[in-house]
Number of protein chains: 2
Amino acid sequence: MSSNKPSLPKGTRDFTPSEMVKRNFIYDTIKTVFKKYGYAEIQTPSMENLQTLTGKYGDEGDKLIFKILNSGEFLNEPKKKGYDFAAENNSNKLVSLISEKALRYDLTVPFARFVVMHQNELSFPFKRFQIQPVWRADRPQKGRYREFYQCDADVVGSESLLNEAEFVLIYTEALKALGLKDFTIKLNNRKILSGIAEIIGKPALIVDMTVAIDKLDKIGMDGVSKELLEKGFTEADIERLKPVILLQGSNLDKLRQLKEVLKATEVGLKGIEEIEEVISYVSKLTGSAPEDIQHLGIDITLARGLNYYTGCIFEVATNEVAMGSIGGGGRYDDLTGMFGLKDLTGVGVSFGADRIYDVLEELNLFPASTVQGTKVLISNFDKEAENYALPILAQLRNAGIAAELYPTSAKLKKQMAYADAKNIPYVILIGSEEISANMVTVKNMLTGEQEKVALSAIVDKLG
Amino acid sequence: MSSNKPSLPKGTRDFTPSEMVKRNFIYDTIKTVFKKYGYAEIQTPSMENLQTLTGKYGDEGDKLIFKILNSGEFLNEPKKKGYDFAAENNSNKLVSLISEKALRYDLTVPFARFVVMHQNELSFPFKRFQIQPVWRADRPQKGRYREFYQCDADVVGSESLLNEAEFVLIYTEALKALGLKDFTIKLNNRKILSGIAEIIGKPALIVDMTVAIDKLDKIGMDGVSKELLEKGFTEADIERLKPVILLQGSNLDKLRQLKEVLKATEVGLKGIEEIEEVISYVSKLTGSAPEDIQHLGIDITLARGLNYYTGCIFEVATNEVAMGSIGGGGRYDDLTGMFGLKDLTGVGVSFGADRIYDVLEELNLFPASTVQGTKVLISNFDKEAENYALPILAQLRNAGIAAELYPTSAKLKKQMAYADAKNIPYVILIGSEEISANMVTVKNMLTGEQEKVALSAIVDKLG
């Protein structure tokens, strides 16, 4: 046994009771909304076969996947295969010989695998949510961890844009329930981006174009122009792009302008039509006129990195504190194709729980945590008081009240410090006076007030 | 991208929506009870430094720990250290050079590490619960998985036997809330086992003795005798052991007999005294006389494998189906010593969630799952009905009712099959007749009954 000072792997965290109460507040709030919209929870294993994950996240992503060493004599396999340790210089080649499992990198690929494996037992459209940790061997930094939670909801097997509209409502409802007031659900459509590339006459450069305009927030129009020139766009192209990128006005204004710009491109008009339909659904579901819908903003510069998106894309930003996106998602037409199940369309969103945590902390929006911990501590000064306390303790718990008896006789100061540290709002004090009068003294730890309460009235008082 | 048929690593599982509802029922029930007794939730990372885990579970345990391969050029380190791949035949020697992290094997060692690392911010006694998966590279078999959940509660920094008594109540209350009726919380004390070894004059053989008598259930007294003889006990020793092992009668009868047998051993009497105090606490907390306490049974053959236990030990068995123990735990006097924090006593219990799942399934004790999923499906036959449905959908959700609109027009049969598959109890049918009368038809999917309901009365009807 080592008696070294213990430590945690870098990029990982413990969560203390007060942090867990806050984290659970976020998860529970989001879960409640997911369920209200018909999404059901699933879980997948932390480890997947390495070949399920490899090749799904690009070369950079593959490097960040945590691989699990095979158990037992893991060197037998490379030896059998004639792997030449002395000659080989590339660890990568060895990986598949000594590792066949890895920790999941996101919830999307495991979900696609789940759908393919369970396709015969599932009823489509299949609406699932999943809140589980994922692992990435990223360089840890402020706000970026090697183990963190994702909160995803996806529906597969339905092309209806009602789903997109409901995700707008799910974001709105969940973020409001978390206490946020000023946030924007940015909406765009990959087809509009395709249309733009088409009218400029550079459809092959769509990826370079979207990557560049996605940076408008960070590097401004000059920066975007510079990058576009480097990627093979001309000054004339950029002049035609500018009015689209710098689109101003309300959502409906933007759509009107876009329709004019994109009138010659079928795919572009289809993208506009899809956004209009989403807005129409949101309008009917909220009872707000299309021009009055809150928290929804069309943003043509929004691209989202992932190449599997094919229709509407979302990204959510809070306007109350400086913070990257706190959520995002979109429609994909062929997620399960990688596992041999073709043509299953889907759309999904994700909440960035760790960032939402930081936002709520900064805005002081977490509700008072006391409600969720112990409500009453009964003090313990001697055996007589303890015996007097035990039935009271049972009575409180039988009424569903979280209660503790300090487990040994100790100084009042120590017991009060314990109550303080655990944020326990009430302490019951029992001395000889209380015992002889069949009462207790209840101390409110917030106000400091003390009050004598008869045994028979304790549950009413503290319930 | 591979288009191979996907599969899961052996010993791991997906959980579908209906399984998750059942699993959450178990977790939530146990959590509610933990909280009522003042236990607060923590979480620790899935991965720990390899040296935190190594040497804590014995040689066999070490082999079952899943190690994570270092990221990047993991061969650099063994090469630098001059590891000779051609000459070395033992994978073990290489592990520490290419792996520095591992998946947690249980929740106990991470908890000890947590307490030591956070000792200055924690208030003692520290009562925590933790419900997270653990990983073991065991050979998978029926009921044994490589990833499974543990549900642990522990209190450290309190030697009061009130804690042990409360664990008896926590088990009782949680198992009853899960619907179990006939179960036994077996109670023993390591000090009694020490006392028995002492009076036989074989204190050095205590481990062999406890291992043997622990098997009484499985191999009977003859089997136990045989094993004891092999381990160096004499026929005379066994004759003296027999009455202790085969102790009959009520808890109080057993204690009386034990006191007589163990009167010459201080440690043995201390063990009896501790059990008596636990029974006394349970009696005062439940209002039952010591001889009337339900679900608690003294079992002198109970040993529990783990060597760190020093006082009371628990094991829980259901008597309604054949199943191994569904929970266990005990008092340990030096859990954090392995990380340099000495003399911190603690006691803890664990619920075997996966086995409890199997028991509830077999006894058909899971509550109707419908309550937790979508409550109402609104059918969708054409655009007109859809437009009529959207405000109804919003109305239901605003009232907190989980509701879905079938996202596209489809045949009734298909929509009904969807409602059936998701266990949705009510379907709202909307045709031209309903629309013109400002009504809907509500179909109860359980009884098949249909009823016309006015728009204004839907929430009342379905809420």
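Computed from a predicted structure; not experimentally measured.

Digging into the pairing of strand β5 (residues 126–135) of chain A
Residue and element names in this part refer to chain A.
- Counting buried positions over the 10 residues of β5 gives 10, a clear majority of the element.
- Pairing between strand β1 (residues 40–41) and β5: 2 bridges, direction parallel. Bridging across to β5, Glu-41 finds its partner in Phe-129.
- One ladder, built from 10 bridges, connects β5 with strand β6 (residues 147–156); its direction is antiparallel. Opposite Trp-135, over in β6, you have Glu-147 as the bridge partner.

Focus on the nonpolar core
- Ranked by size, the top nonpolar core spans 99 residues in total, and within it Leu-396, Ile-428 and Ile-430 of chain A together with Ile-26 and Phe-351 of chain B carry the most contacts.
- When residues of this core are assigned to their parent elements, the largest contribution, 9 residues, is made by helix α7 (residues 162–177) of chain B.
- Not counting chain neighbours up to four residues away, the residues in contact with Phe-351 of chain B comprise Ile-30, Phe-34, Cys-151, Ile-170, Tyr-171, Ala-174, Leu-175, Ile-326, Gly-327 and Ile-356 of chain B.
- Counting residues in each nonpolar core, the second largest holds 98 residues, with Ile-26, Tyr-27, Ile-213 and Leu-296 of chain A among its members.

Notes on the side chain of Asp-354 of chain B
All names here are of chain B.
- The topology assignment puts Asp-354 in helix α14 (residues 353–362).
- On the basis of relative accessible area, Asp-354 is assigned to the buried category, the value being 10%.
- Discounting chain neighbours no more than four positions away, the residues touching Asp-354 are Arg-13, Arg-23, Phe-148 and Tyr-149.

Points about the packing of α7 of chain B against helix α13 (residues 266–286) of chain B
Residues and elements named next belong to chain B.
- Viewed as axis vectors pointing N to C, α7 and α13 meet at an angle of 55°, and their least axial separation amounts to 8 Å. The pairing of α7 with α13 is recorded here as oblique in orientation. Our pair here, α7 against α13, has a crossing hand that is right-handed. Contacts between α7 and α13 involve Leu-162, Glu-164, Ala-165, Glu-166, Val-168 and Leu-169 from the first element and Val-278, Tyr-281, Val-282, Leu-285 and Thr-286 from the second.
- Looking at the contact of α7 with α13 residue by residue, the class counts come to 8 nonpolar, 1 polar and 2 charged.

Focus on unusual backbone geometry
- The linkage connecting Phe-124 of chain A with the following residue, Pro-125 of chain A, adopts the cis geometry, with an omega of -5°.
- Along the chain, Pro-125 of chain A falls in the loop between α6 (108–117) and β5.
- Positioned with a positive phi, His-295 of chain A is a non-glycine residue whose angle comes to about 70°.
- Structurally, His-295 of chain A is set in the loop between α13 (266–286) and β8 (296–298).
- Unusually for a residue other than glycine, Asn-423 of chain B sits at a positive phi of about 55°.

With respect to the interface of chain B and chain A
- Listed as interface residues are 106 residues of chain B and, on the opposing side, 105 residues of chain A.
- A combined buried area of about 8,900 Å² lies between chain B and chain A, and 58% of that area is made up of carbon and sulfur atoms.
- When the shortest N-O distance is used, the salt bridge between Arg-397 of chain A and Glu-166 of chain B registers 2.9 Å.
- Across the chain B-chain A interface, the total number found is 34 residue pairs in polar contact (both at pLDDT 80 or more).
- In terms of residue class, the side of chain B that touches chain A is made up of 50 nonpolar, 31 polar and 25 charged.

Some thoughts on the sheet that holds strand β16 (residues 450–454) of chain A
Residue and element names in this part refer to chain A.
- Taken in spatial order, the 5 strands line up as β13-β12-β14-β15-β16 in an open sheet, and their pairing is mixed. The two strands at the open ends of the sheet, each matched to only one other strand, are β13 (403–405) and β16. Taking each pair of neighbouring strands and ignoring which way they run, the sheet shows an average axis angle of 25°.
- Judged from the 5 bridges that link them, strand β15 (residues 439–444) and β16 form a sheet pairing that is antiparallel. Looking at the pairing, Thr-441 lines up with Lys-452 of β16.
- Here helix α15 (residues 383–398) sits on the sheet in contact with β12 (376–378), β13, β14 (426–429) and β15, set at roughly 165° to β13.

Conventions adopted
- Residues numbered from 1 in each chain as written.
- Chains lettered and ligands numbered in written order.
- Predicted model: local features only at pLDDT ≥ 70, side-chain atom pairs only at ≥ 80, totals over all residues.
- Heavy atoms only, no water.
- Buried < 20%, exposed > 50% of the residue type's maximum accessible area, 1.4 Å probe, protein only.
- Helix = DSSP H or I, 4+ residues; strand = E, 2+ residues; numbered from the N terminus.
- Pairing = 2+ DSSP bridges.
- Core = buried A, V, L, I, M, F, W, Y, C linked by side-chain atoms within 4.5 Å.
- Contact = heavy atoms within 4.5 Å.
- Axes fitted to C-alpha atoms, helices over the stretch in contact; angles between N-to-C directions.
- Parallel < 35°, antiparallel > 145°, perpendicular 65-115°, else oblique.
- Left-handed = near helix turned anticlockwise from the far one by under 90°.
- Nonpolar A, V, L, I, M, F, W, Y, C, P; charged D, E, K, R; others polar.
- Buried area = accessible area lost by both parts, 1.4 Å probe.
- Salt bridge = Lys/Arg side-chain N within 4 Å of Asp/Glu carboxyl O.
- Polar contact = N/O pair within 3.5 Å; in protein donor to acceptor, adjacent residues only side chain to side chain.

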